[in-house]
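So you can see what is in the structure, the chains are spelled out below.
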Amino acid sequence: MNHRFSTKSIVDSLYLKETAFSVYNKTFNLLFNKKIKNSTVIYWKLNGEPIIEGPKQIKGIQDLKGGLAPPTFLEILTTLKWIENDDRIEGIYADFSTGSNIPELDFAQMQELRDSIKSINRAKEARFGKGSFKSVAFTDTFISQNQYYLATSFNTIQMEEFGFINLEGFSMFQPFLKNVLEKLGINVQETHAGKFKGGSSTFTSRTWPDAVRKNMIDVYQGLNSQLISDITADRLQSNKKGGKEVSVKDIMNMSPIYAKESLLFNLVSKLAYKRPFVPIDKKSKIDSHPVMSLKAYRKAKSNELMLNLDPSVPTIGIVYLIGNIFRGDGQYGSNTVVRALLAAANDENVKAIVFRVDSGGGDGMASDSIREAIEYIIRDLKKPVIASYGNISASGGVLSSVSASKIYASRGSITGSIGVFTVKPNVQKDSFAKLGIDIEEVHFSEGSKNASYFEAKTENDKVRTQAYVDNVYAGFKDKVSKGRKGLVEDMESVAQGQVWTGEQALERKLIDELGGFNDAINDAMRLAYPNTNKANPYLATFPKKESIIAQMMGGGSSQVQASFFVNSFSHVISQWFANLTSQTNKVNLTQEQQFKLK
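## Things to note about helix α17 (residues 459-483)
Part 1: In this model, α17 (25 residues) spans 36 Å end to end at C-alpha, consistent with the 36 Å of a helix rising 1.5 Å per residue.
Part 2: Its buried side turned inward, α17 meets β6 (186-193), α14 (396-401), β16 (420-427), α16 (446-451) and α18 (491-494).
Part 3: The first or second residue beyond α17 is K485, which carries a positive phi of 60 degrees.

Printed below as a string of C-alpha cells:
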C-alpha cells in the first residue's frame, strides 16, 4: 500500500480531507482560489469561525460538502507560522469586536497564540526593520479578559471611545450539591486516595475541603501572576513615557476599565473607530494594502504548498486525546486513541509522534492502556513520542502521557491531580415512594446488594473499596515515577491529588519543558530528523478519517479506495483543464503539476 498518499501528498495541516470529492474541490481551487499578492495584510475576524482544540468528527452527507469543519488550534498556529515566514504579508489586523469569541480555548491556548503573534512581530522586525510590519488588534470593546490578553501580543491596540476592558483577574467558583441531593434522598458515598483530590467534593461537601481550597488558591494565584506579568511586560512598561503609572493589580481592582482610562493607563494605543479596518468587499484595502482574510490566506497558502510538495520534508504524526477519557471506541475513546498511536507508529513515513492532550482525566484503565501503547512505541518501535499539554492535562491525562519521550506544557496549563476517587450514589427508596413509585429488590449475594444504588455501602464493602483505591493510587504513582525516569524524588509530595500550573509542574519535574504545540512538534522533528535542514515538517493526523465514499463502497481500505477516486478525478479534471487551456490560454498548469495530487 502506498502510505505516501496519507502522509506526504495529503497533509493534514493543510486541511485536506481524505475523500474524493474534497480532493476534487482542492484540485479545482488550485486555479480558481484567490492568489496571495505582494504587500498583503491579513484580516483576522475572531468571530468569523470558531477554533477548536482537535479535529471535529463530521458524519453523514456533510462530509461531501467540504470545508464545514472549523479549523483546529494547530491549523491556526500553522497558519500564523506561514504568515511569519511569508514576505508577501506585511501586516495582520485582528478584529476583536463584540460578538467575537474563541470557543473551547482557554488561558494556556491564549498563551500559545500570544507567543505566535509575538514571534511574527520579532521575525518581521528582524527582516524588515522596526515598524515595517503592522500588527494591530482593534475592537469596539473587549468583552472578555481572554480577548484582551491575546490582544496585548499585538504592537497596536485600538478601541472605540465608548468601549471598555474587562480585566478582573482569575477567580474561583464551584457549586456544591450535597444539600440538594440530600433533599432528593440521594447520599453520595465517596472513597478517595490523596487528600487534595477534590473531584467528588461537589457531591459530598457543602464547601471545599481545606486542603483542596489551599491547593486551588495556589494554582489560581499562579495563573493570576502570569496574567499580571505578561500584561505588565507588554503594555504597562511604557507608563512612565506619558501614561499614568499604575499596576495591573490596581487595574483589576477597578475593572471594567473604560475607554479614556484604558488610554491613560496605556492598556490601548489609541481610541478610534474600527470602520477603516473592516473590509466591505474583495476589493477593500487597509492602509492602501490588499487584504485577505485569515481563512482565505490559509486556503490559498495550503494550495500553494500542495503544488510544491517536497518528499524530503519530514512528516510528524499527530494524535489527540481530548475531553473525558473513557474505555472503548468513539472519537477519543481509549481503543481509538491506541489504534491511532499504533497507526502513526507503523507508518513508514512518520518518524515521530506528537501526542496532544487536553483532558481533565477520566477512566484509569483507559488512561493506562494509552500509556502502555506509548511505552511500547518508544521501546519496541523506536519512535519518539512527544506529549504536548493544552489547557489541561490532569489525572488520567497525566497517566496516559507520562511515558512519553518528553512532555511539554504551557505556563498556564493545568496538570497534576495524581490521585484516585470513586463515588457511589445511594438513593433512598422513600424518595421514589413520594412520587408514587415503589421499589422492591431481591439479592442473591452481598456483591449484588453492594452494587445496588438503593443500598448503602456495608462496612466490609467500604474497606474493600478503600483497599482497591489505595492500590490503584500506588500503581498510579509508580507508573508516573517510572515514566518520569525517577526525576521526581518524592512522588507523594507532588501527588495526593494536587493540581499544578505548567510552571509549577516544571519546578517539580512533572514535565520537561515549558512550550506549546509548535515547540513539541519542533522537538519531535529534531529527535526524529537530527540532520534535516527543513524548518517546518508535514503533519499527518491519526486516525485517518474514513471517507463517505469508502463507507458507501463497504469496507476495504479507505486509503486504497480514496486513491482510486483521487486518480479518477485527477484524470478527469486534468483533461478538462487541458481543454480549457488550449481554448483560452488563461490557465497555465503543466501535466506534471496536475498529477501531483496522485
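Text resumes after the structure shown.
## Digging into the confidence of the model for the protein chain
Part 1: Averaged over all residues, the pLDDT of the protein chain equals 83, while 81% of them reach at least 70.
Part 2: pLDDT under 50 marks residues 61-66. Its contacts with residues more than four places away, or in other chains, come to 8 contacts.
Part 3: In this model, residues 548-598 is a region of pLDDT below 50 whose contacts with residues beyond four sequence positions or in other chains number 70 contacts.

## What about the layout of surface pockets?
Part 1: The calculated volume of the second largest pocket comes to roughly 1,200 Å³.
Part 2: Going through the elements one at a time, α7 (201-204), α8 (210-234), α13 (364-379), β13 (385-394), α14, β16 and α17 are the ones with two or more residues in the lining of the second largest pocket.
Part 3: Grouping the amino acids of the lining of the second largest pocket by side-chain chemistry returns 21 nonpolar, 17 polar and 5 charged.

## A few points about the sheet that holds strand β1 (residues 40-45)
Part 1: Within the open sheet, the 7 strands sit side by side as β8-β4-β3-β2-β1-β10-β9. Their pairing is mixed. The open sheet has two edge strands with one neighbour each: β8 (270-271) and β9 (285-286).
Part 2: Pairing analysis gives 4 bridges linking strand β3 (residues 134-139) to strand β4 (residues 156-159), with the strands arranged parallel. Among the inter-strand pairings, F138 is bridged to a residue of β4, identified as Q158.
Part 3: Along the sheet, helix α11 (residues 294-306) makes contact with β1, β2 (89-95) and β10 (289-293), crossing β10 at roughly 85 degrees.

Procedures and definitions
- Residues numbered from 1 in each chain as written.
- Predicted model: local features only at pLDDT ≥ 70, side-chain atom pairs only at ≥ 80, totals over all residues.
- Heavy atoms only, no water.
- Helix = DSSP H or I, 4+ residues; strand = E, 2+ residues; numbered from the N terminus.
- Expected span 1.5 Å × (residues − 1).
- Contact = heavy atoms within 4.5 Å.
- pLDDT = per-residue confidence, 0-100.
- 1 Å grid on protein atoms, 1.4 Å probe; cavity = no way out; pocket = protein on both sides within 12 Å on 5 of 7 lines; lining within 4 Å.
- Points joined across faces, edges and corners; volume = space filled by probe spheres on them.
- Nonpolar A, V, L, I, M, F, W, Y, C, P; charged D, E, K, R; others polar.
- Pairing = 2+ DSSP bridges.
- Axes fitted to C-alpha atoms, helices over the stretch in contact; angles between N-to-C directions.

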